[in-house]
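# Coordinates in review
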Amino acid sequence: MVGQLLGNPVGILDMSCGVKFSLIFVLLRVLFTDSSHSNQVVLLDTTAVLGELGWKTYPMNGWDAITEMDEHNRPIHTFQVCHVMEPNQNNWLRSNWISREAAQKIYVELRFTLRDCNSIPWVSGTCKETFNLFYMETDESHAIKFKPGQYTKIDTIAADESFTQMDLGDRILKLNTEVREVGPITKKGFYLAFQDIGACIALVSVRVYYKKCPFTFRNLATFPDTIPRVDSSSLVEVRGACVKNAEERDTPKLYCGADGDWLVPLGRCVCSVGYEELDGTCLACRPGFYKAFSGNIKCSKCPPHSFSYEESSPLCHCEKGFFRAEKDPPTMACTRPPSPPRNVIFNINETSLFLEWSPPSDTGGRKDLTYNVLCKKCGADPRQCELCGGDLRFVPRPQGLINASVTVLDFTAHANYTFEIESLNGVSELSSFPRPVAAITISTDQGGPSLVGMVRKDWASQNSIALSWQEPEQPTLPVLDYEIKYYEKEHEQLSYSSTRTKAPSVIITGLKPSTRYIFHVRARTSAGYSSYSPKFEYETGDETSDMAADQGQVLVIVTAAVGGFTLLVILTLFFLITGRCQWYIKAKMKSEEKRRAHYQNGHIPFPGIKTYIDPDTYEDPTQAVHEFAKEIDPSRIRIERVIGAGEFGEVCSGRLRTPGKREIPVAIKTLKGGYVERQRRDFLREASIMGQFDHPNIIRLEGVVTKSRPVMIVVEYMENGSLDSFLRKHDGHFTVIQLVGMLRGIASGMKYLSDMGYVHRDLAARNILVNSNLVCKVSDFGLSRVLEDDPEAAYTTSGGKIPIRWTAPEAIAYRKFSSASDAWSYGIVMWEVMSYGERPYWEMSNQDVILSIEEGYRLPAPMGCPVALHQLMLHCWQKERGLRPKFTDIVSFLDKLIRNPSSLLTLVEDIQGLPESPGDVPEYPMFISIGDWLDSIKMSQYKNNFMAAGYTTLDSVSTMSIEDVRRIGVTLIGHQRRIVSSIQTLRLQLLHVQEKGFHV
Ligand code: ACK
């Protein structure tokens, strides 16, 4: 067959076919090095078929199957056809039957080269530059007879790049890759068919695949292979299964998107008790470690005095002799009962016996120490003891004592009492060992003589008293110190106080006025305490008793002094407080000012309108979110589908339930997992900004989810999505009044923002959302911080973070962002709207845009644009930012146009005469030649068309209509539009030049 092609009567065909072989070998590397995609399941790949392909051709001499071997001895199957000289070609190539497997929608990827007909002389009538792709579904897997009529057309395939004779000479490879979707496919399999109608094609590879969301692990759950829905905008919700030894925390879910990507992870599994997470699996805790709760926490080392010998222990067991009380947490060390109390001492007088001891040396590792006191009466034989009778009273009680002391009352005289004191803690009950006690035997005959004589009052006031007493004259043992015990007589035994002194006198303060107190004193020697002295009773005086009548004058002086001092204190406090308040108010005002200073450039807030507060002025950004945005319980949100990709994660649509209200449709922006704190802050920053606005042309914030994952921002749903793509989809569908209505809405939203002192910095049609009533709302409040934080971004030549085409020159040059720079962007949005989503400055590079603006070039009016609107645009694009209109002017200007629609009837292309005021015409650059002009609008490829049709001067071009442009061979509508728009500007420019007396 090759020979047949090569032997074709026309030399060019030799060339076109000769290229096959050179191309094929270059292609090998491209074909075989291509990476495989994990979310694609390949049903057919001709580059991977080792044997014969066995495809059918009809007629036999139409398509030509060529199989070459590459250097690894793998076959390369190509199909070629090149009957460009003969008319009425109808050559078919049909694949084998391809099983559909699980696919619902298939993708056919074709790689081919195509010869440019223009580069083959004499074939203009017959040569084609496209071929057709067909398919036929069938359950029959055995080859069936080929009937073209049974096949459904998928598409006409054209090349993005065709090659010419010259490319052949230069050995330039122009390989095209085209992918087409086919679906839904319902039968068991299908055939593909390729129809050639007279082109010169080499079909180098055919790959047929379907997409799946591949088996994956996420948040400790597995998700099976899932086939996406045929409807590319709806998602398949897939519930994950927890990995081994994990359990569900919130139902783990993922959504399978049309492209085989997993989206919006929700919920999660966590490792069970005894297991910890490591690299997406749950591993058993090692011996010596434990995990008592499920959750993504690590196994912990067994606490002191506990152990675990086995893997996956939920708890550690206590060592012998150690225990864990019922309420002890598993993290706590095992403990043991305390040792007995120490150093029991007593003091006895006629009526009471006071026992006191020191805490045990070993508390067993716990703090819940208590004491029990058991009283026994023993005879001469200590083994013959009986429990003391019920007459004995313990104050406060005999058991569960918290302090290390107890008072015993109502004992009998001349008896021997043995008191056993035991210490206990929370695990004493658990131990089967007998509890050791501290015991003391006391004879009630005892009580050493009181070494202290009568106590007397030296002086007293309403709340203090000075006491003294007689020292023992010749004590057997030296007195170490004295203990003075005192209490309110009324509350005897309930509580008492004591103090110590080395001298035989004491001053006691802090007494209540008009209260009767009992005082007694005892001495301490190295042998212990003596008995108490007899009680001394005294009632403190009342409030006035201290002021004796004869102290009247003193009283007056003191009162005056106290009064004066009080006045002084009050005044000082007053000044301090007012001064401090003023300082505080000033400081507060300063911080408010700082916040409000965000509406840069000395903006003065519009009276009666709230001002915008920059969330960055909050020390804690979370505080700003909570101040301006409502927290929504995620159970009120139902996510339905993914509608796009935002800067921080998917954007979904769904519904929001509010108690007592109807469900409303919402858009939900999510923050992707694995974010760092700064990303979370930047993400939520938008909500803190949006939450401050309340206007029908600003996107409304419903609330935020910050307390659970994923973090979300919930806003009102805008059915028609972003304005730029909406307009592109509905090119030419709206009346001028409808478009002006949209622009009016945007201007009104911007007026509100500028009145609040907020500078948007990224006003563009892509950041305007449209609802089902065509109401436009300003959105996307994320950018200002990025720009502020990143000085590089403002100067990047590649566009970087600054939206160059939308941004005023002073903002690009020295970051002078203001409502006036927003007005410039608004002019660009007007242009985008009037041109139905055309890209401002088309494919000009950012650098060229900056330069041409600097030179005075401004975007021409889009086709069909009323003069009044283009003039408003030009007004917004004044170099001098002070001359640009304010948003309030824009709104009233547009209102006037809407009220007077006839003002919109004059289109820029209709202008024939001079403009009323020549000053209104912008200073467009002077183009010297048609070539320069076409270069400036990136349409140089049509230079020859203009020349060939006799348009050699700009004057002649300026008279061209759209028909003329079509006639000279500009067939693409976008190109026609661009050229005609520019011709209109050219016309204005020429008129302006003529007015000034210049000639081009
Ligand atoms: O052009 P679109 O359809 O509109 O695609 C983008 C995508 O999400 C990523 O931003 C769409 N989108 C964003 N916010 C909303 C909203 N509030 N209502 C509807 N669509 C939205 C936007």
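Residues numbered from 1 in each chain as written. Predicted model: local features only at pLDDT ≥ 70, side-chain atom pairs only at ≥ 80, totals over all residues. Heavy atoms only, no water.

Where an unreviewed UniProt entry is consulted, the chain appears under the name Ephrin type-A receptor 6, with the organism given as Megalops atlanticus. For the chain, the Subcellular location (unreviewed entry) comment in UniProt is given as "Membrane". (UniProt positions renumbered as here; feature names shortened; annotations may be inferred.)

## Quick word on the sheet that holds strand S33 (residues 455-460)
Overall, antiparallel pairing links the three strands, which are arranged S33-S34-S37 in an open sheet. Two strands lie at the open edges of the sheet, namely S33 and strand S37 (505-509), each paired on one side alone. Taken pair by pair, the neighbouring strands of this sheet meet at an average axis angle of 25 degrees, ignoring direction. Judged from the five bridges that link them, S33 and strand S34 (residues 464-469) form a sheet pairing that is antiparallel. Of the residues in S34, the one forming a bridge with tryptophan 459 is alanine 466. (Pairing = 2+ DSSP bridges. Helix = DSSP H or I, 4+ residues; strand = E, 2+ residues; numbered from the N terminus. Axes fitted to C-alpha atoms, helices over the stretch in contact; angles between N-to-C directions.)

## A word on the pairing of strand S4 (residues 75-82)
Most of S4 sits out of view: eight of its eight residues are buried. Hairpin connection, strand S3 (residues 64-69) to S4: the antiparallel pair is bridged by five residues, and asparagine 73 has positive phi, about 65 degrees. Pairing between S4 and strand S12 (residues 200-211): four bridges, direction antiparallel. Pairing of cysteine 82 across the sheet is with cysteine 200, part of S12. (Buried < 20%, exposed > 50% of the residue type's maximum accessible area, 1.4 Å probe, protein only.)

## Focus on the site of the ligand
Around the ligand, the surrounding shell holds 13 residues, and the nearest of these are Ala667, Glu716, Met718, Ser722 and Ser725. For the ligand, a nitrogen atom lies 2.9 Å from a polar atom in the backbone of glutamate 716. Taking methionine 718, its main chain carries an N or O atom lying 2.8 Å from a nitrogen atom of the ligand. Out of a free accessible area of 450 Å², the ligand has 77% covered by protein chains. No other element matches the three residues that strand S41 (residues 637-645) contributes to the shell around the ligand. Residues that form the shell around the ligand fall into these classes: eight nonpolar, four polar and one charged. (Near = heavy atom within 4 Å. Polar contact = N/O pair within 3.5 Å; in protein donor to acceptor, adjacent residues only side chain to side chain. Areas by Shrake-Rupley, 256 points an atom, 1.4 Å probe, with all protein chains shown as cover. Nonpolar A, V, L, I, M, F, W, Y, C, P; charged D, E, K, R; others polar.)

## A few points about the sheet that holds strand S30 (residues 405-409)
Pairing is antiparallel across the open sheet formed by four strands, whose spatial order is S25-S26-S30-S29. The sheet terminates laterally at strand S25 (342-348) and strand S29 (393-395), the two strands that pair on one side only. Adjacent strand axes in the sheet meet at a mean angle of 25 degrees, parallel and antiparallel pairs treated alike. Judged from the five bridges that link them, strand S26 (residues 352-358) and S30 form a sheet pairing that is antiparallel. Each bridged residue has a counterpart across the sheet, and for phenylalanine 354 the counterpart in S30 is threonine 407.

## Examining the side chain of glutamine 40
For glutamine 40, the location among the structural elements is in strand S1 (residues 40-45). Not counting chain neighbours up to four residues away, the residues in contact with glutamine 40 comprise Arg207, Tyr209 and Tyr210. (Contact = heavy atoms within 4.5 Å.)

## Describing the packing of helix H12 (residues 819-834) against helix H14 (residues 867-876)
Two elements in contact, H12 and H14, have axes separated by 8 Å at closest approach and are oriented at 150 degrees. What the angle tells us is that H12 and H14 run roughly antiparallel. Of the two elements, H12 crosses H14, and the hand of that crossing is left-handed. Across the interface between the two elements, Ala823, Trp824, Tyr826, Gly827, Met830, Trp831 and Met834 from H12 touch Leu869, Leu872, Met873 and Cys876 from H14. Tallied by class, the residues present in the contact of H12 with H14 amount to 10 nonpolar, one polar and no charged. (Parallel < 35°, antiparallel > 145°, perpendicular 65-115°, else oblique. Left-handed = near helix turned anticlockwise from the far one by under 90°.)

## Quick notes on unusual backbone geometry
Along the chain, tyrosine 58 connects to proline 59 via a cis peptide bond; the corresponding omega equals -10 degrees. Tracing the sequence through the fold places proline 59 in the loop between strand S2 (56-58) and S3. A cis geometry characterises the amide bond from valine 395 onward to proline 396, with omega recorded as 5 degrees. Phi is positive for serine 312, close to 50 degrees, though the residue is something other than glycine. You can see serine 312 is positioned in the loop between strand S23 (306-307) and strand S24 (317-318). Of note, the phi angle at tyrosine 841 is positive, near 60 degrees, even though the residue is not glycine. As for its position among the elements, tyrosine 841 is in the loop between H12 and helix H13 (846-854).

## Here's the deal with the state of the cysteines
Under the criterion given, the structure shown has nine disulfides. A sulfur-sulfur distance of 2.0 Å marks the disulfide that ties cysteine 375 to cysteine 388. Here the disulfide of cysteine 375 and cysteine 388 is left-handed, its torsion about the S-S bond being about -70 degrees. With cysteine 375 in strand S27 (residues 370-378) and cysteine 388 in the loop between strand S28 (385-387) and S29, this residue pair connects regions lying 13 residues apart in the sequence. Each member of the pair, cysteine 375 together with cysteine 388, is buried. (Disulfide = S-S within 2.5 Å.)

## Brief notes about the pairing of S34
For S34, the tally of buried residues reaches six of six residues, placing the bulk of the element in the interior. Neither face of S34 is open: one carries Ser464, Ala466 and Ser468, the other Ile465, Leu467 and Trp469, and all of them are buried. Remark: three residues form the turn of the hairpin made by S33 and S34, two consecutive strands paired antiparallel. Pairing analysis gives five bridges linking S34 to S37, with the strands arranged antiparallel. Within S37, the position partnered with alanine 466 by the bridge is isoleucine 507.

## A word on the packing of H12 against helix H15 (residues 887-899)
When two helices pack together, their arrangement is given by the angle between the helix axes and by the axis-to-axis distance. At a minimum axis separation of 10 Å, H12 and H15 run at an interaxial angle of 35 degrees. Listed contacts from H15 to Ser819, Asp822, Ala823 and Tyr826 of H12 are Phe887, Ile890 and Leu894. For the contact of H12 with H15, the class distribution of residues is five nonpolar, one polar and one charged.

## Structural notes on the packing of aromatic side chains
Counted under the stated rule, the structure contains 31 aromatic pairs. Judged by centre distance (5.1 Å) and plane angle (10 degrees), the ring pair of tryptophan 55 and phenylalanine 79 falls under stacked. Separated by 24 residues along the polypeptide, tryptophan 55 in the loop between S1 and S2 and phenylalanine 79 in strand S4 bring together distant segments of the chain. Residue tryptophan 55 shares its accessibility class with phenylalanine 79, and that shared class is buried. Connected via pairs of aromatic rings, a cluster forms that spans Tyr58, Trp92, Phe134, Phe146 and Tyr151. Here arginine 94 stacks its cationic end above the ring of tyrosine 191, 4.1 Å away from the centre of that ring. Of note, lysine 211 hangs over the ring of tyrosine 107, and the distance from its end group to the ring centre comes to 4.4 Å. (Phe/Tyr/Trp six-rings, centres within 6.5 Å; stacked < 30°, edge-to-face > 60°. Lys NZ or Arg CZ within 6 Å of the ring centre and 35° of its normal.)

## Considering the nonpolar core
Counting residues in each nonpolar core, the largest one holds 103 residues, and the members touching the most others are Leu723, Ile746, Tyr826, Trp933 and Phe946. Counting residues per element, this core draws most heavily on helix H8 (residues 736-756), at 10 residues. In this structure phenylalanine 946 touches Ile930, Trp933, Leu934, Tyr951, Val957, Met960, Ile968 and Ile979, once residues within four positions along its chain are discounted. Formed by 32 residues, the second largest nonpolar core is a distinct cluster that contains Ile98, Val108, Leu133 and Val182. (Core = buried A, V, L, I, M, F, W, Y, C linked by side-chain atoms within 4.5 Å.)

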